[in-house]
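Here's the letter readout for the chains.
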Amino acid sequence: MLKQTRRKTAKRIGVEKVEKIYGFIFALPAIVFFAVFYFLPIIKTLQISFYRWDFLSPPAFEGLRNYVVLLKSSEFHNSLWKSFYYAFGTTIPIWFIALGLAVLFNRITSTSWLYLVVYYIPVVIPLIVACIVWQIMYHPSYGMLTLITRPLGFVDIPWLTSSRLAMPSIILLSIWKGTPFYMVIYLAGLVSIPKEYTEAAQIDGANKYQVFWHITVPLLKPVILYVIVISIIAALQVFDPFYVMTKGGPGSATRVVTLFVNETAFQYLKVGTAAAASLVFFGLVLCLSLVILKFFRSSWE
């Protein structure tokens, strides 16, 4: 009896080891991918940030000088402010608009898929194409928005050439482009909520608003947290609209960190400073993500 038990235990341990080996083998391609295309570039960027390098001459070690330069750089400080201004100016409206549309599409049963497909078109359109189209729409002489605002008494509005309007104009484009994507994520969360909960609440006398705030929202909290974190990270990484539509202008009104890094490295050939700026920004985004996760988890528990 004891021998049989030992054999079964040894066999179970052997099976577990085999499963772990197979699991590691299947995960190995993903591990290699992330190591080569994510981890190693970060290490290389960290190394470059301690050097003065212009792509032409050999790198010269300078220690923390690039970081000191960034701390004293008003342009870098301005780019940080513009990045967070754009990120929260874009994501906060998206959170509420996307959730409202998801609730609406979840309640519509007949032909709702057709409206959903049509509304999802902005996500499918390449970002560069969307930027060019909106740039034409923003033209102060013949743009579509100008044709709409001109009868209202607003003549030749400088949407992209005004330091006050350039950033809000790009934010409007990003809201139009990103809302359908996060709406689908919300909609997937709403569909996964069992109908028994809402039906039980309605039987107890709860109206639609009470069901939404006390049943739907609490069950949707993991999805809401995911949308908040992912949308902020994605917004802080945006580069194309600023490069295509304004080139960071007018002045530095739309020069976000991603554009600052690009200009510093490839226009001014200060690769070490650009690498240091990338790492500082990466650290800030990582800390912000951790703070958001901890805040929402603690407040929802």
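Everything below is about the structure printed above this text.
First, a word on what this report is: a plain description of the structure on this page.

Cut-offs and rules
Residues numbered from 1 in each chain as written. Predicted model: local features only at pLDDT ≥ 70, side-chain atom pairs only at ≥ 80, totals over all residues. Heavy atoms only, no water. Salt bridge = Lys/Arg side-chain N within 4 Å of Asp/Glu carboxyl O. Helix = DSSP H or I, 4+ residues; strand = E, 2+ residues; numbered from the N terminus. Buried < 20%, exposed > 50% of the residue type's maximum accessible area, 1.4 Å probe, protein only. Contact = heavy atoms within 4.5 Å. Core = buried A, V, L, I, M, F, W, Y, C linked by side-chain atoms within 4.5 Å. Lys, Arg positive; Asp, Glu negative; His and termini not counted. Phe/Tyr/Trp six-rings, centres within 6.5 Å; stacked < 30°, edge-to-face > 60°. Lys NZ or Arg CZ within 6 Å of the ring centre and 35° of its normal. Polar contact = N/O pair within 3.5 Å; in protein donor to acceptor, adjacent residues only side chain to side chain.

Going through the model one piece at a time under the given rule, you end up with 4 salt bridges. Of the charged contacts in the structure, one is a salt bridge between Glu 62 and Arg 52, with a shortest N-O distance of 2.3 Å. Residue Glu 62 is found in the loop between strand S2 (60-61) and helix H2 (65-72), and its partner Arg 52 is found in strand S1 (residues 51-52); the two are separated by 10 residues along the sequence. The exposure class of Glu 62 is buried, given its relative accessible area of 18%. Connected via shared salt-bridge partners are Arg 52, Glu 62 and Arg 65.

Attention now goes to unusual backbone geometry. Between Gly 249 and the following residue, Pro 250, the backbone shows a cis peptide bond with an omega angle of -5°. Of note in this structure, Phe 55 is not a glycine but carries a positive phi near 75°. On the basis of relative accessibility, which here comes to 38%, the residue Phe 55 falls in the partly exposed class. The backbone phi angle of Leu 269 is positive, close to 55°, even though this residue is not glycine. Relative to the assigned elements, Leu 269 resides in the loop between helix H13 (257-266) and helix H14 (271-300).

Before going further, it helps to examine the environment of Ile 171. For Ile 171, the location among the structural elements is in helix H8 (residues 166-191). For Ile 171, a relative accessible area of 9% translates into the label buried. If we skip the residues at most four places from it in the chain, Ile 171 touches Tyr 85, Tyr 86, Gly 89 and Thr 90.

A few words now on the nonpolar core. By size, the foremost hydrophobic cluster in this structure holds 52 residues, and its most contacted members are Phe 76, Tyr 86, Tyr 186, Leu 220, Ile 228, Phe 242 and Ile 292. Per element, the largest residue contribution to this core is 12 residues, and it comes from helix H3 (residues 74-107). If we skip the residues at most four places from it in the chain, Phe 242 touches Tyr 86, Met 167, Ile 170, Lys 247, Gly 248, Thr 254, Val 256 and Leu 259. Among the nonpolar cores identified, the runner-up in size contains 11 residues, and Trp 134, Tyr 138, Leu 145 and Trp 159 belong to it.

Here Lys 82 is to be found in helix H3. Buried charge without a partner: Lys 82 forms no salt bridge, and the closest opposite charge is Glu 75, 10 Å away. Setting aside chain neighbours within four positions, we find Lys 82 in contact with Met 167, Ser 252, Ala 253, Arg 255 and Val 256.

Moving on: the environment of Gly 63. Counting through the fold element by element, Gly 63 comes out in the loop between S2 and H2. For Gly 63, a relative accessible area of 13% translates into the label buried. Counting along the chain gives 230 residues from Gly 63 to Leu 293, while the straight-line C-alpha distance between them is 34 Å. Here Gly 63 is in contact with Ser 49 and Phe 50, once residues within four sequence places are set aside.

Attention shifts here to the packing of aromatic side chains. What characterises a pair of aromatic rings is the spacing of the ring centres plus the angle enclosed by the ring planes. In this structure the tally under the stated criterion is 19 aromatic pairs. With a centroid separation of 5.0 Å and 80° between ring planes, the pair formed by Tyr 86 and Phe 242 is classed as edge-to-face. Here Phe 242 lies in helix H12 (residues 240-246) and Tyr 86 lies in helix H3, a separation of 156 residues in the sequence. For the pair formed by Tyr 86 and Phe 242, the shared burial category is buried. Over the aromatic face of Tyr 243 sits the side chain of Lys 247, whose NZ or CZ is 4.8 Å from the ring centroid.

Mapped onto the fold, Thr 198 is located in helix H9 (residues 195-203). At 2.9 Å, the side chain of Thr 198 and the backbone oxygen of Lys 195 are in polar contact. Ignoring any residue separated from it by four or fewer positions in sequence, one finds Thr 198 in contact with Val 211 and Ile 215.

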